Amino acid sequence: MKNYSENYWAKRAKSYNKTSWVKNESFIDGFLEMIGHKSFSNILEVGIGTGALAKIISEKKGPLIGIDISKEMINKINHNKITPIVGNAHDLPFEDNTFDLIYMRNVIHYLDDPKKVFSEIYRCLKSNGTYMFSQVVPPNDNISTEYDWLVGRDIHYPTKNEILKLFSIFNKINHNDFLLENQSISNWLNNTCQNEEEKQKIIDRHRKTSKDYRKMANYRESEDDIFVSIRHFMVSGEK
Ligand SMILES: C[S@@+](CC[C@H](N)C(=O)[O-])C[C@H]1O[C@@H](n2cnc3c(N)ncnc32)[C@H](O)[C@@H]1O
């Protein structure tokens, strides 16, 4: 298990929805564009968290099941079109060929074995079913080491190339970059850090970033905050 286990999410659950990207509508619209007007009868979200995305997807596309390792995160869900289940993405508790849409947003960097999770998702998808995926990535693959360092949490953020390799078991791959511009680092840290020391460490690291990173991320400092553009990689594939 990585350090980011159930306990970590139990602590984050309380303020999770205050992080600005979680409910950002243009982000969610951008994600939904990957499936357009297609309709689905059996939908699964992997790593559903507090259900912020599921709320919108279930209202637009129909009832869905969401699985998450953290009961505290899914305890925040109260919606008649969402069925939350506590479980591990590495071992999905569903029969083969069950869903015609499975999606996952910003979960992969917390997984011990992303390849296993992708094969579980593949197994649970019906033939021709769709897998829709979104993930925060470094602004460019060649700056991955600096990006992992600056986030400061001993997490590896997969590069676009690494993600596309995981998708090689799927067909009909489509992908898009989506940029969330001018994101406040204070908003992110205030709602995700475990203590002041961690927060200060990550701010200091941002202040020490390279010229290359700053240019790619449109880095900007104000008197009391730092703003950057955050790149998300959205990919869809079919079984
Ligand atoms: C950054 S949150 C994303 C939540 C949601 N997908 C969203 O976009 O708002 C990551 C979520 O992944 C869940 N998670 C982490 N490891 C998991 C695993 N092995 N199986 C299932 N869920 C997991 C966490 O509990 C957390 O709710």
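Predicted model, so just to flag it, every value in this text is computed and none were measured. (Residues numbered from 1 in each chain as written. Predicted model: local features only at pLDDT ≥ 70, side-chain atom pairs only at ≥ 80, totals over all residues. Heavy atoms only, no water.)

As for the overall build of the chain
Put simply, the test is: Note on conventions: DSSP H or I runs of at least 4 residues are helices, E runs of at least 2 residues are strands, and numbering of each starts at the N terminus. In this analysis, two residues are considered to be in contact whenever any of their non-hydrogen atoms come within 4.5 Å of each other. Note on areas: Shrake-Rupley, 1.4 Å probe, and residue coverage restricted to the protein chains presented here. A residue counts as positive if it is Lys or Arg and as negative if it is Asp or Glu; His and the chain ends are not included. Positions of charges follow a simple convention, taking NZ of Lys, CZ of Arg, CG of Asp or CD of Glu.
From N to C terminus, the chain includes ten helices and eight strands. The principal-axis extents of the C-alpha atoms in the chain amount to approximately 50 × 35 × 30 Å. Of the contacts formed within the chain by residues at least 6 apart in sequence, a portion of 71% connects residues at least 24 apart. As presented, the chain carries roughly 11,700 Å² of accessible surface, and 45% of it is formed by carbon and sulfur atoms. Separation between the mean location of the 33 positive side-chain charges and that of the 32 negative ones in the chain comes to 2 Å.

Quick notes on the packing of helix α2 (residues 25-32) against helix α3 (residues 52-61)
Using the following cut-off: Where helices are involved, their axes are fitted lines through C-alpha atoms of the stretch in contact, as for all axes, and angles between N-to-C directions lie from 0 to 180°. Oblique is the label for any angle not covered by the other classes, which are roughly parallel (under 35 degrees), roughly antiparallel (over 145) and roughly perpendicular (65 to 115). Crossings are classed by handedness, with left-handed meaning an anticlockwise turn of the near helix from the far one by less than a right angle and right-handed meaning a clockwise turn. Here the nonpolar group is Ala, Val, Leu, Ile, Met, Phe, Trp, Tyr, Cys and Pro; Asp, Glu, Lys and Arg are the charged ones; every other residue, Gly included, is treated as polar.
Put simply, α2 and α3 touch, their axes get as near as 11 Å, and they point 50° apart. Judged by the inter-axis angle, α2 sits oblique to α3. Relative to α3, the crossing made by α2 is right-handed. In this structure, α2 contributes I28, D29, F31 and L32 to the contact, and α3 contributes L53, I56, I57, K60 and K61. Grouping the constituent residues of the contact of α2 with α3 by class yields six nonpolar, no polar and three charged.

Comments concerning the site of the ligand
Counted only if it meets this: Only heavy atoms are used to decide nearness, and a residue is near a molecule or strand if one of them lies within 4 Å of it. Polar contacts, as counted here, are pairs of nitrogen or oxygen atoms within 3.5 Å of one another; within protein the pair requires one atom able to donate a hydrogen and one able to accept it, and residues that are adjacent in sequence qualify only if both atoms are side-chain atoms.
Around the ligand lies a shell of 20 residues, among which G47, D68, N88, A89 and R105 are the nearest. One nitrogen or oxygen atom from the main chain of I69 is found 3.2 Å from a nitrogen atom belonging to the ligand. Contacts to the ligand include N88, whose side-chain N or O atom sits 3.0 Å from a nitrogen atom. When the ligand is considered free in solution it has 600 Å² of accessible area, and contact with the protein chains removes 98% of it. In terms of residue class, the shell around the ligand is made up of ten nonpolar, seven polar and three charged.

Examining the nonpolar core
We apply this condition: What we call a nonpolar core is a set of buried Ala, Val, Leu, Ile, Met, Phe, Trp, Tyr and Cys residues that are connected through their side-chain atoms within 4.5 Å. Throughout, exposure labels follow a simple rule: accessible area from a 1.4 Å probe, protein chains only, divided by the maximum for the residue type, with under 20% read as buried, over 50% as exposed, and the rest as partly exposed.
Within the largest apolar cluster, 50 residues are counted, with the highest numbers of intra-cluster contacts made by L64, Y103, M132, Y147, Y213 and V228. Residues in contact with M132, not counting those within four places in the same chain, are F31, M34, I35, I57, L101, I102, Y103, M104, V235 and S236. Counting 26 residues, the second-largest nonpolar core is a separate cluster that includes A89, M104, F167 and V235.

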